[in-house]
Amino acid sequence: MYRKLIKPLLFSLSIERAHRIVVLFLRIIGLIPGGRWLLHKCYAVEHPSLEREVFGIRFKNPVGLAAGFDRNGEAYRELAAMGFGFVEIGTVTPRSQPGNPRPRVFRLPKDRAIINRIGLANRGLEVTIRHLRRPHDGVIVGCNIGKNTSTLPENASADYLKVFRNLYQYVDYFTVNVSCDNACREGTTHTREYILRILGPLFDFRRGQNQYRPIMLKVSPDMPDEVVDRVADILLETPLDGIVATNGTYRREGLQTSRVSIDKIGSGRLSGAPLTRRAVEIVRRIHTRSGGTYPIIGVGGLMTPEDVRAMLDAGADLVQLYTGYIYEGPGLVGRICRQLIADGLQSQTEAARTVSESSAAKPADTEASADTDGRPHPHSEHTDSGLPEATPRTADPAAAQATPEESGKQA
C-alpha cells in the first residue's frame with residue numbers, strides 16, 4: 001500500500017511538506033483513543049530474540065529512528081508504536097532557529113538518497129521540554145543535542161551544557177552532535193581538543209546526578225581513518241559511553257544522478273544508499289579500535305534488512321534508520337525485525353546441530369583418547385562434577401571495561 005499509493009502521493013510533494021504532513025498525521029492518530037494501539041497492531045514486531053541491553057538500557061529491538069525526523073519531540077510515542085525500539089529526537093539547540101533558506105532538502109530517487117542542508121532547524125529547548133513532559137509510555141527516547149548556528153565555536157560548550165542540563169530528566173540517553181551544521185568547517189569540529197571541550201562539562205554535570213544518562217558522540221563519515229582512530233581513542237580515555245556512526249556525507253562520488261542536477265542542488269549532506277559502505281567501514285574500524293567493548297549505534301545508508309545485518313556484523317549494537325524509512329516506508333522496521341528473528345532461529349538451529357554432532361562423536365573420541373587403564377586423556381579438562389568447565393562471560397561487554405563512574409551508574 002505504501003509503495004503503490006502513499007509513497008507516490010508523498011513524493012509528489014516537496015520533502016519538507018511531506019514530512020510535516022506525516023508528523024501531523026501521527027500526532028492526530030495519537031490523540032484518538034486506541035490510535036497508538038492500532039499502529040502497534042499494524043506495524044510492530046515483537047520477539048524475545050530482538051531484545052538488547054545496551055549501556056544499561058533494555059531495548060525491545062535494536063532498530064531506532066535517527067535524529068532529524070522528530071526534531072522537536074512531537075511524535076516519538078506514535079513512532080515507537082510503529083515498531084521502533086527507540087526514537088532519537090533533535091537536534092535540539094538552546095534557542096529556536098529556522099535553519100537555512102528553502103528549498104533545502106532534495107530527493108535523489110535514482111540513488112535512493114537525500115541531500116539536505118536544513119541547518120539544525122528546530123523550535124528550541126522550551127518547546128521540546130513541553131513535548132517531553134508527556135508520559136513516555138515506556139518509549140526509550142534519545143536526544144541529539146547541538147549548538148545554535150549563531151554561537152561562536154569558543155562558546156559552543158555552554159550551548160551543549162544548557163540543553164543537556166535541562167533535558168536530563170526527560171530522556172534516556174544523549175547524542176552529542178559535533179558534526180558540521182552546514183555553517184562551519186567540518187575539520188574544526190572533529191579535533192580532540194574541540195570534542196573534549198564539549199564533553200567535559202557534560203561529564204561534570206552528570207557526576208552530580210542521582211540518575212545516569214549515557215552520552216554518545218555522533219561522528220561524520222568524511223573523517224579520514226586516522227581521525228576515526230583518534231575519536232575511538234576518546235572512548236578509552238573518557239567516561240564517554242559510545243559512538244553514533246555516522247552522519248551524512250558531503251561527498252558525491254559514484255552517484256547515478258547527473259552531475260548537472262547535483263550542481264544545481266548545491267551543498268548539503270548526502271544520506272541514503274551511497275553512504276552504506278562507508279558507514280559500515282567506520283563502525284567496523286571503531287569496533288576494532290575500541291576492542292569491541294563500547295556500544296556503537298550504526299546509522300547511515302541502512303535501506304534493507306541485509307544492510308542492517310551487515311552493520312550489526314560490523315560491530316554495531318543498535319542501528320538507526322532515516323532515509324531508508326522514507327524510501328521504503330513504515331513496513332521496513334517490521335521486515336528488519338522479522339529477518340533478525342529468522343537469523344536468530346537459524347543460528348540456534350545450527351548451534352543445536354553442532355552440539356548434536358559433537359555429542360554423537362564424543363564416545364568414540366573418549367575411547368580413542370583414553371589411556372589403557374581407562375583414564376581420560378590428560379588434555380580433557382573437567383570440573384568436580386565431571387562436566388567440562390565453562391569459560392566465564394560478561395553479560396554486558398561494556399561492564400567489563402567499566403570505569404568507577406560507570407560503576408556508579410549501575411549502582
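Residues numbered from 1 in each chain as written. Predicted model: local features only at pLDDT ≥ 70, side-chain atom pairs only at ≥ 80, totals over all residues. Heavy atoms only, no water.

1. Concerning the packing of aromatic side chains
Reasoning step 1: Under the defined criterion, the tally for this structure stands at 13 aromatic pairs.
Reasoning step 2: For the pair Phe-164 and Tyr-168, a centre-to-centre distance of 5.3 Å together with 75° between the ring planes defines the contact as edge-to-face.
Reasoning step 3: Its relative accessible area of 4% is what places Tyr-168 among the buried residues.
Reasoning step 4: Of the aromatic side chains, those joined through ring pairs into one cluster are Phe-55, Phe-59, Phe-86 and Tyr-173.
Reasoning step 5: Sitting above the plane of the Phe-11 ring, Lys-7 keeps its charged end 5.2 Å from the centroid.
Reasoning step 6: One cation-aromatic arrangement involves Arg-213 over Tyr-168; the distance from NZ or CZ to the ring centre is 5.5 Å. (Phe/Tyr/Trp six-rings, centres within 6.5 Å; stacked < 30°, edge-to-face > 60°. Buried < 20%, exposed > 50% of the residue type's maximum accessible area, 1.4 Å probe, protein only. Lys NZ or Arg CZ within 6 Å of the ring centre and 35° of its normal.)

2. Some thoughts on the packing of helix α6 (residues 156–167) against helix α7 (residues 192–207)
Reasoning step 1: Look at α6 against α7: their axes get within 9 Å of each other, and the N-to-C directions meet at 35°. You can see that α6 and α7 cross each other, and the crossing is right-handed. Contacts from Ala-156, Ser-157, Tyr-160, Leu-161, Phe-164 and Arg-165 in α6 reach Tyr-194, Arg-197, Ile-198, Pro-201, Leu-202 and Phe-205 in α7. (Axes fitted to C-alpha atoms, helices over the stretch in contact; angles between N-to-C directions. Helix = DSSP H or I, 4+ residues; strand = E, 2+ residues; numbered from the N terminus. Left-handed = near helix turned anticlockwise from the far one by under 90°. Contact = heavy atoms within 4.5 Å.)

3. Notes on the nonpolar core
Reasoning step 1: Counting residues in each nonpolar core, the largest one holds 80 residues, and the members touching the most others are Leu-167, Val-176 and Leu-321.
Reasoning step 2: Sequence-distant contacts of Leu-167, that is, excluding residues within four places in its chain, are made with Val-92, Leu-125, Thr-128, Ile-129, Leu-132, Cys-143 and Phe-174.
Reasoning step 3: If you look at the next biggest cluster of nonpolar residues, it comprises 13 residues, including Val-54, Phe-55, Ala-66 and Val-299. (Core = buried A, V, L, I, M, F, W, Y, C linked by side-chain atoms within 4.5 Å.)

4. A word on the sheet that holds strand β13 (residues 318–321)
Reasoning step 1: Judged by pairing direction, the barrel is parallel, and its 8 strands sit side by side in the order β3-β4-β7-β8-β9-β10-β12-β13 before closing back on the first. Across the sheet, the mean angle separating the axes of adjacent strands is 25° when strand polarity is ignored.
Reasoning step 2: Pairing geometry for strand β3 (residues 63–65) and strand β4 (residues 86–92), over 2 bridges, is parallel. Bridge pairing in β4 places Leu-65 opposite Val-87.
Reasoning step 3: Set on the sheet, α6 makes contact with β4, β7 (141–145), β8 (173–177) and β9 (215–219); between it and β8 the angle comes to about 170°.
Reasoning step 4: Relative to the sheet, α7 contacts β7, β8 and β9, its axis offset from that of β9 by approximately 165°. (Pairing = 2+ DSSP bridges.)

5. Digging into the pattern of salt bridges
Reasoning step 1: Under the definition given, this model contains 24 salt bridges.
Reasoning step 2: A salt bridge links Glu-53 to Arg-58; the shortest N-O distance between them is 3.6 Å.
Reasoning step 3: Across the pair Arg-335 and Glu-328 runs a salt bridge, and its minimum N-O distance is 3.5 Å.
Reasoning step 4: One network of salt bridges, in which partners are shared, links Asp-225, Asp-229, Asp-233, Arg-278, Glu-281, Arg-285 and Arg-289. (Salt bridge = Lys/Arg side-chain N within 4 Å of Asp/Glu carboxyl O.)

6. Let's talk about the pairing of β4
Reasoning step 1: The element β4 is largely enclosed, with a buried count of 7 among its 7 residues.
Reasoning step 2: The parallel pair β3 and β4, bridged by helix α4 (residues 76–81), forms a crossover whose chirality is right-handed.
Reasoning step 3: Direction of pairing for β4 relative to β7: parallel, over a ladder of 5 bridges. Paired with Ile-89 across the bridge in β7 is Cys-143. (Right-handed = clockwise from strand over helix to strand, strands pointing away.)

7. Some details on the sheet that holds strand β5 (residues 105–108)
Reasoning step 1: Read across the open sheet, the 3 strands follow the order β5-β6-β11; overall the sheet is antiparallel. The open sheet is flanked by β5 and β11 (269–272), the only strands paired with a single partner. Neighbouring strand axes in the sheet, compared pairwise and without regard to direction, differ in orientation by 20° on average.
Reasoning step 2: Helix α2 (residues 15–31) contacts β5 and β6 (113–116) of the sheet and is inclined by roughly 100° relative to β5.

8. Considering a nonpolar patch on the surface
Reasoning step 1: Taken together, the side chains of Met-1, Leu-5 and Ile-6 define a hydrophobic patch exposed on the protein surface, amounting to about 330 Å² of accessible area.
Reasoning step 2: Checked against the element boundaries, Ile-6 lands in helix α1 (residues 2–11). (Patch = residues over 30% accessible without salt bridge, like charges linked within 9 Å, V, L, I, M, F, W, Y side chains within 5 Å. Areas by Shrake-Rupley, 256 points an atom, 1.4 Å probe, with all protein chains shown as cover.)

9. What about the environment of Arg-278?
Reasoning step 1: With respect to the helices, strands and loops of the structure, Arg-278 is situated in helix α10 (residues 276–289).
Reasoning step 2: Between the C-alpha atom of Arg-278 and that of Thr-249, which follows or precedes it by 29 residues, the distance is 9.5 Å.
Reasoning step 3: Residues within four places of Arg-278 in sequence aside, it is in contact with Pro-221, Met-223, Pro-224, Asp-225, Val-228 and Arg-251.
Reasoning step 4: Within the structure, Arg-278 has its side chain in polar contact with the backbone oxygen of Met-223 (distance 2.8 Å). (Polar contact = N/O pair within 3.5 Å; in protein donor to acceptor, adjacent residues only side chain to side chain.)

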